[in-house]
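Structural description and commentary
Here is what each chain is made of, one letter per residue.
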Number of protein chains: 2
Amino acid sequence: MKIGIPLERRPGEARVASTPEVVRKLVTKGLEVWVEEGAGVRAGYPDADYAEAGASLGARETVYDADLVLKVRRPEPDEVELMRRGARYLGFLESCGEDALLAAMQARELLLFPLERMPRTSRAQSMDALSSQSSIAGYRATLEAASRYGRFFPMMMTSAGSAKPARVVVLGAGVAGLQAIATARRLGADVHAYDVRPETHEQIRSLGARPIELDLGESGAGEGGYARELSDEAKARQQAALADELARAQVIITTAQIPCRQAPVLIPEAVVERMRPGSVIVDLAAASGGNCPLTVADEVVERHGVTLVGLTNYPALLAADASAFYARNLANLLELMIETGASGPQLRAPADDEITAAMVARAD
Amino acid sequence: MKIGIPLERRPGEARVASTPEVVRKLVTKGLEVWVEEGAGVRAGYPDADYAEAGASLGARETVYDADLVLKVRRPEPDEVELMRRGARYLGFLESCGEDALLAAMQARELLLFPLERMPRTSRAQSMDALSSQSSIAGYRATLEAASRYGRFFPMMMTSAGSAKPARVVVLGAGVAGLQAIATARRLGADVHAYDVRPETHEQIRSLGARPIELDLGESGAGEGGYARELSDEAKARQQAALADELARAQVIITTAQIPCRQAPVLIPEAVVERMRPGSVIVDLAAASGGNCPLTVADEVVERHGVTLVGLTNYPALLAADASAFYARNLANLLELMIETGASGPQLRAPADDEITAAMVARAD
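Residues numbered from 1 in each chain as written. Chains lettered and ligands numbered in written order. Predicted model: local features only at pLDDT ≥ 70, side-chain atom pairs only at ≥ 80, totals over all residues. Heavy atoms only, no water.

By the naming in an unreviewed UniProt entry, chain A goes by NAD(P) transhydrogenase subunit alpha part 1 and is assigned to Marichromatium purpuratum 984. Under the UniProt heading Sequence similarities (unreviewed entry), the entry covering chain A gives this text: "Belongs to the AlaDH/PNT family." Quoted verbatim from the Function (unreviewed entry) heading of the UniProt record, the comment on chain A is "The transhydrogenation between NADH and NADP is coupled to respiration and ATP hydrolysis and functions as a proton pump across the membrane." (UniProt positions renumbered as here; feature names shortened; annotations may be inferred.)

Pasting the structure below:
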């Protein structure tokens, strides 16, 4: 059974879907692994290391001609045409409905395992690439914020006076947000975090940050789950209270994204105008429009004296570890998909496991 | 008495010699403060804040025409020609012998207070800009290292396996080196540090890092201060032992500089060749030739799979705090230089204080 690992061709992408460490394990199981020449170089994994791990190196045509293709980013339609009829695709699909890629995949009758469809169960956690890559994004985005900010993150006491810790606000306490909180705390910042889900507050506190609780005034203290029962007046008060918290921040790291939908606006222009000049906003939702409407995807811009960082691929900036985690996620998924019998490795039907059953898709 | 604060014109310079906070204090003492328009903008201090603090804003000609000029970087000769005859210059001079700048300064009969000449006494510590800026460089250079490195600095434990902490070696435990150690430790790296002075080892340990002690073998255990009495054989053994430590590092931050001299080579090319691909060297001695001969000043290059960062002005990348600390250093120095009598502020003779006496220089 042949596995192909192509070079990623999206601009700025530096990751690779598997590493020499993981390739060695696959080869040990009796799998034939082909890696495209140069596929791991930008992530710090030279061709020689794959060869040493037992992989064969080949051209693009050779690696796509496999039973399973392991990818990070969605391939180009012309790459899909190199794939075997009925082969399996494991990787992000980044598709929001019909498009040329899906048509090409349909024509090849591929069996798709889009990593976006990984169930969010504890059993699937070790295969959850969305989660591993988000964690890396949260760490790297915080380094970006610290590097772009003209002041210290930690408190500094020197003989020429002291510097207060930076006031950092993290919006969204999902995987990326929690890692951003942890990293900013490591660097000694004064971290505040907001998430609509009250159950995140304990996690935020356990990382040494303060959960932002918005004062809704008396009218917000109604019966029932308050988030659902807010009056328009209370909502407006909530927005105003959040705006006040954001305007006081020196650094905002914002992480609110909804798959295949425009990101919600959490930082309106009026808030940016109120921020102190020299402040920094790192907008992890830049690719889907941004949590701040002033963010420009893939650019760093200055508006009202505030630096807005719109980078869209933080994992590619930490490509060695991002690839290592991704490769392990895929290896764990492959465990469910391949059984090794007396006659060598065999593909299991997707229906044989609840995780592969939940993920599998055809392009039609 | 008039103080002038010009805009810094060196390429890439973003600092300013005084901040609104310090200007306010100077104005309160009865000094007339002129700030060049836009001088603080890149450091996050808008003109309006200086005006609000009591400064006047003016053109270059106006701010140089003052009793005291506060600068960060050495001025251009044509700027010196705008200065009053016999005026005082407070700032870095960055001069290594005769040059066009010194000739221009001599022609204006300036009284120079080059900050490089600040005595290294505890009384002078609050005026030591070399030290405050080195500390900022150490912090910011470490963020640069973490951002350029393709892996995590901290240990990471995830459901898809773990990542070991980065092995960081800091060369030189002066002000910059100690701050680099502290910052890399904050980020969770496994930090090792080398300095020829054994008295630094305790400081290194107190920051949670391991001092690198080189095994000199039996012949190194001779009588007397061993650093001075090393045989050629022991020296070679010492270099080989350091090379082994460096080759195992994933990140090296190197800080060994000697004023007006070529930086010592601590990381020969052979060591870079032995480092793991994807490793990072941040060379703070880049401006004076680098501690690694492969470093290119003001550039980021890759050699033998290793990224070499040759940036030469880290304080300018943290311009807001760098300027704030610098401005306070200068304010403390001004305290020694100006006395406020009944008839307003008066300049004291440099000889009146041991610090100004030690610093003062004429260009001749």
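Unlike most non-glycine residues, glutamate 109 of chain A shows phi in positive territory, near 55°. Structurally, the position occupied by glutamate 109 of chain A is in the loop between helix 5 (100-107) and strand 6 (111-114). Notably, cysteine 260 of chain B is not glycine yet its phi reads approximately 60°, a positive angle. Relative to the elements of secondary structure, cysteine 260 of chain B occurs in the loop between strand 12 (251-254) and helix 11 (269-274). (Helix = DSSP H or I, 4+ residues; strand = E, 2+ residues; numbered from the N terminus.)

Moving on to the domain arrangement of chain A. Domain boundaries in chain A define domain 1 (2-128 + 319-362) and domain 2 (149-313). Computed from C-alpha coordinates alone, the two centres of domain 1 of chain A and domain 2 of chain A are separated by 36 Å. (Domains from an automatic or database assignment.)

Bringing the sheet that holds strand 12 of chain B into the picture now. Residue and element names in this part refer to chain B. Strand order in the open sheet formed by 7 strands is 11-10-9-12-13-15-14, with mixed pairing between adjacent strands. Both outer strands of the open sheet, strand 11 (210-211) and strand 14 (300-303), are each paired with one neighbouring strand and no more. As defined by bridge partners, strand 12 adjoins strand 13 (residues 280-283) across 4 bridges and the pair is classed as parallel. Looking at the pairing, valine 251 lines up with valine 280 of strand 13. The sheet contacts of helix 6 (residues 129-148) involve strand 12, strand 13, strand 14 and strand 15 (306-309), and relative to strand 13 the element is tilted by about 160°. (Pairing = 2+ DSSP bridges. Contact = heavy atoms within 4.5 Å. Axes fitted to C-alpha atoms, helices over the stretch in contact; angles between N-to-C directions.)

For the coordinates displayed, the defined rule picks out 8 aromatic pairs over all chains. An aromatic cluster is built from Tyr139 and Phe325 of chain A together with Phe152 of chain B, whose rings are joined through pairwise contacts. Residue placement shows lysine 2 of chain A over the ring face of tryptophan 34 of chain A; its charged tip is 5.2 Å from the ring centre. For arginine 328 of chain A, the ring lying beneath its charged end belongs to phenylalanine 325 of chain A, and the centroid distance is 5.5 Å. (Phe/Tyr/Trp six-rings, centres within 6.5 Å; stacked < 30°, edge-to-face > 60°. Lys NZ or Arg CZ within 6 Å of the ring centre and 35° of its normal.)

Moving on, we get to the relation of the copies chain B and chain A. Expressed as a screw operation, the relation of chain B to chain A combines 0.0 Å of axial shift with a rotation of 180°, fitting to an RMSD of 0.0 Å. Here the copies are linked by what is in effect a two-fold axis. Scanning chain B for the C-alpha nearest the rotation axis identifies arginine 186 of chain B, at a separation of 2.7 Å. (Least-squares fit on C-alpha atoms with pLDDT ≥ 70 in both.)

For the rest of this paragraph, the subject is the interface of chain B and chain A. Each partner contributes residues to the interface: chain B has 39 residues there, and chain A has 39 residues. It is Arg151, Phe152 and Arg186 of chain B that lose the most area in chain B upon contact with chain A, and together they represent 20% of the buried surface on that side. Across the chain B-chain A interface, the total number found is 2 salt bridges. With a closest N to O distance of 3.1 Å, arginine 151 of chain A and aspartate 321 of chain B form a salt bridge. The interface formed by chain B and chain A holds 21 residue pairs in polar contact (both at pLDDT 80 or more) in total. (Buried area = accessible area lost by both parts, 1.4 Å probe. Salt bridge = Lys/Arg side-chain N within 4 Å of Asp/Glu carboxyl O. Polar contact = N/O pair within 3.5 Å; in protein donor to acceptor, adjacent residues only side chain to side chain.)

Before going further, it helps to examine helix 1 (residues 20-28) of chain A. Residues and elements named next belong to chain A. Within helix 1, the full set of buried residues consists of Pro20, Val22, Val23 and Leu26. Take helix 1 and look down its axis: the buried residues cluster within an arc of 155°, on one side only. Where helix 1 is buried, its residues contact strand 1 (2-5), strand 2 (32-36), helix 2 (47-52) and helix 12 (319-337). Positive backbone phi, at 95°, marks glycine 30, one or two positions downstream of helix 1. (Buried < 20%, exposed > 50% of the residue type's maximum accessible area, 1.4 Å probe, protein only. Arc of directions from axis to C-beta.)

Turning next to the nonpolar core. Judged by nonpolar contacts, the single largest core of 74 residues is most densely connected at Phe153 and Val168 of chain A together with Phe153 and Val168 of chain B. Setting aside residues no more than four positions away along its own chain, phenylalanine 153 of chain A makes contact with Thr142, Ala145, Ala146, Pro165, Ala166, Val168, Ala184, Leu187, Gly188, Ala189 and Val251 of chain A together with Tyr139 of chain B. (Core = buried A, V, L, I, M, F, W, Y, C linked by side-chain atoms within 4.5 Å.)

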